[in-house]
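Fold and contact review
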Amino acid sequence: MIGGMQRRTPAVLERPLATTIAGSLPKPGWLAETERLWPSWRLDGAVLDEAKRDAVRLAVLEQDLAGIDVVTDGEQTRRHFVHGFLEGLEGIDRTRLVRRGIRADRYEADCPSIVGPIGRPHSVHADEVAFARTLTPRGLKVTLPGPMTIVDTLHDAYYRDRRTAAFAFADVIRAEIADLAAAGVDVVQIDEPAFNVYFDELEAWGIEALDRCVSGAGCATAVHVCYGYGIEANVTWKRQLGLTWDQYEIVLPMLARSTVDQIAIELAGSRVPPDVLRHCGDKHVAVGAIDVADDRVESADEVLATLEIAARYIPVRLLSATTNCGMAPMRRDVASAKLGALVRGAHRARERLA
Ligand code: ZN
């Protein structure tokens with residue numbers, strides 16, 4: 001807000017208790033290895049390109065049939081939620097892999113190296129967004145990794161300073177958002193799981209970097225901060241967090257001060273104390289009502305119960321229902337059933353609360 005001017009509510013966020021997903025859906029077995037976070041493609045060349053488009057058609061159709069209000073392309077065209085975007089940038093050597101600890105050494109991974117100034121020769125995802133736009137009249141969302149999560153997923157042999165590197169990425173993300181908005185996307189969601197780990201950096205420069213990404217965006221913007229996919233390293237980490245996960249107690253007040261339109265967080269089946277939601281200020285909030293770390297499919301009543309808890313702290317007009325995190329590493333049939341549960345639960349919540 002500048003000079004007291006009120007920012008207009010993005011239309012796609014206006015429906016109370018609208019449904020969406022964190023971003024990814026499992027990939028079909030004919031496209032990529034299944035139940036993997038960073039799978040290999042099964043095909044290559046023009047056949048791979050065609051198969052990706054078919055997978056996007058299915059992902060959008062599946063959400064459409066389930067009744068999801070703001071759909072994504074299921075991230076069917078990227079192998080990984082961070083590296084998919086980085087593959088389109090200059091300044092990164094993907095053959096120079098360096099093993100490093102990630103998310104404060106929660107797990108180790110072989111990470112590509114920053115070897116020069118970060119650049120974006122052309123839009124990374126605009127063609128994919130333009131294609132997805134032709135498939136549905138529903139709200140369309142696309143996810144991008146955030147600057148802090150990116151620098152925490154690379155080896156930096158060039159900037160050698162996380163803040164400097166993060167702002168280099170924030171600038172290319174801002175340019176990418178402009179292209180995606182022009183291609184017809186309604187919401188761009190910045191994924192920042194690292195915000196739940198590095199509180200000092202979040203305070204020092206994380207929010208400023210997030211604001212740099214979304215400044216002047218020609219579409220609605222969201223930030224997603226979670227406890228990660230339902231993979232073993234995260235499940236082990238969560239066991240060490242104790243009975244109460246109070247990370248959001250620190251993170252949410254800072255996100256409330258950012259310029260992003262919507263905050264997307266997890267709540268279902270987690271040990272997040274619901275009263276942390278009181279810190280969301282006047283933001284739209286997408287509350288995770290589907291647990292992605294458990295194959296058990298929630299009932300509509302369980303989804304309703306999660307949303308009713310959230311509604312104690314957040315005005316219903318600002319509330320959306322989402323999944324806790326991406327569903328990429330899950331079984332396809334489980335993910336599909338969870339979409340249905342989310343929509344049925346949100347429908348009941350709308351009857352009860354709206
Ligand atoms: Zn997540």
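Residues numbered from 1 in each chain as written. Predicted model: local features only at pLDDT ≥ 70, side-chain atom pairs only at ≥ 80, totals over all residues.

Some thoughts on helix H6 (residues 199–214)
The test is simple: What the bend at a residue measures is the angle between two axes, fitted to the seven residues ending there and to the seven starting there. Going along the chain from the N terminus, every DSSP run of H or I of four or more residues is numbered as a helix, and every run of E of two or more is numbered as a strand. Partly exposed residues are those whose C-beta has more than 12 but fewer than 20 other C-beta atoms within 10 Å; with 20 or more the residue is buried, with 12 or fewer it is exposed, and the C-beta atoms are placed from the backbone. C-beta atoms are placed from the backbone for every residue, and two residues are taken to be in contact when these atoms lie within 7 Å.
Along its length, H6 shows its largest kink, about 55°, at Trp205. Of all the positions in H6, only Leu202, Gly206, Ile207, Ala209, Leu210, Cys213 and Val214 are classed as buried. On its buried side, H6 packs onto helix H4 (147–151), helix H5 (162–182), strand S7 (187–191), strand S8 (220–225) and helix H8 (247–256). In the stretch just after H6, Gly216 is the one whose phi turns positive, near 70°.

A word on the pairing of strand S5 (residues 139–145)
Our working definition: Any two strands between which DSSP finds at least two bridges are classified as paired.
Across the 7 residues of S5, 7 count as buried, placing the element largely inside the fold. Side chains Gly139, Lys141, Thr143 and Pro145 project from S5 onto one buried face, and the interleaved Leu140, Val142 and Leu144 project onto a second face that is buried too. In terms of strand pairing, strand S2 (residues 70–71) meets S5 through 2 bridges, oriented parallel. Bridge assignment links Val70 to a residue of S5, and that residue is Gly139. The sheet contact formed by S5 and S7 spans 5 bridges and is parallel. Across the sheet, Val142 pairs through a bridge with Val188, a residue of S7.

Here's the deal with unusual backbone geometry
Phi at Leu17 is positive, roughly 60°, even though this residue is not glycine. Tracing the backbone shows Leu17 in the segment before strand S1 (18–19). Owing to 25 C-beta atoms within 10 Å, Leu17 belongs among the buried residues under this scheme. Despite not being glycine, Arg160 shows a phi value in the positive range, around 55°. The topology assignment puts Arg160 in the loop between strand S6 (155–156) and H5.

Distances and angles like these do not, on their own, reveal function.
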